[in-house]
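For reference, the chains in residue letters:
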Amino acid sequence: MNGNSQAVRIPQEFRLDTNTVEISRNEQGDLVIHPLPPKRGEALMAALDGFAPDFVAELEAEYRAQPLMQDREEL
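Reading the values: rules and limits
Residues numbered from 1 in each chain as written. Predicted model: local features only at pLDDT ≥ 70, side-chain atom pairs only at ≥ 80, totals over all residues. Heavy atoms only, no water. Helix = DSSP H or I, 4+ residues; strand = E, 2+ residues; numbered from the N terminus. Rg over C-alpha atoms; globule rule 2.2 N^0.38 Å. Buried < 20%, exposed > 50% of the residue type's maximum accessible area, 1.4 Å probe, protein only. Lys, Arg positive; Asp, Glu negative; His and termini not counted. Charge placed at Lys NZ, Arg CZ, Asp CG, Glu CD. Patch = residues over 30% accessible without salt bridge, like charges linked within 9 Å, V, L, I, M, F, W, Y side chains within 5 Å. Areas by Shrake-Rupley, 256 points an atom, 1.4 Å probe, with all protein chains shown as cover. Salt bridge = Lys/Arg side-chain N within 4 Å of Asp/Glu carboxyl O.

### Regarding the overall build of the chain
Counting its secondary structure elements, the chain contains two helices and two strands. Helices (α) and strands (β) of the chain occur, in sequence order from the N terminus, as β-β-α-α. The C-alpha atoms of the chain give a radius of gyration of 22 Å, which is well past the 11 Å a tight globule of 75 residues would have. Seen through its C-alpha atoms, the chain measures out along the principal axes to roughly 60 × 45 × 30 Å. Counting only residues that meet the buried cut, the chain has 4% of its 75 residues in that class. Within the chain, the 14 negative side-chain charges are centred at a point lying 11 Å from the centre of the 7 positive side-chain charges.

Right, dumping it as structure tokens:
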């Protein structure tokens with residue numbers, strides 16, 4: 001135990017080169033540990049920058065331009 005969490009010691013030969021991991025459980029009930037890259041998503045943000053100078057501002061403007069929901073009779 002480590003505080004309120006369960007801790008597992010990993011042998012040195014299985015040491016990971018990252019501080020962040022994703023843990024999941026497969027169909028057989030085994031725990032699977034996937035190392036996550038340190039700056040996950042940085043490549044996606046760099047790719048989005050190529051679309052428009054202010055991609056997020058354009059998305060927000062498009063969202064605000066949508067018409068309001070209509071009142072409808074109940075079925």
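Now that the structure is up, let's keep going.
### A closer look at a nonpolar patch on the surface
On the surface, a nonpolar cluster with roughly 770 Å² of combined accessible area is contributed by Val8, Ile10, Phe14, Leu16, Val21, Ile23, Leu31 and Ile33. Residue assignment for the nonpolar patch shows that the elements contributing at least two residues are strand 1 (21-25) and strand 2 (31-35). As for its placement among the helices and strands, Val21 is situated in strand 1. For Val21, a relative accessible area of 35% gives the class partly exposed.

### Details of the environment of Pro11
Turning to its location among the elements, Pro11 is positioned in the segment before strand 1. A residue is classified by how much of its surface remains accessible, and Pro11, at 41% relative accessible area, is partly exposed. With 60 residues separating them along the chain, Pro11 and Asp71 place their C-alpha atoms 62 Å apart.

### A few points about a negative patch on the surface
Judged by side-chain charge, Asp54, Glu58, Glu60 and Glu62 come together as a negatively charged surface patch. Relative to the assigned elements, Glu62 resides in helix 2 (residues 55-64). Residue class for Glu62 comes out exposed when judged on its relative accessible area of 55%.

Such coordinate-based values are descriptive only and should not be taken to indicate function.
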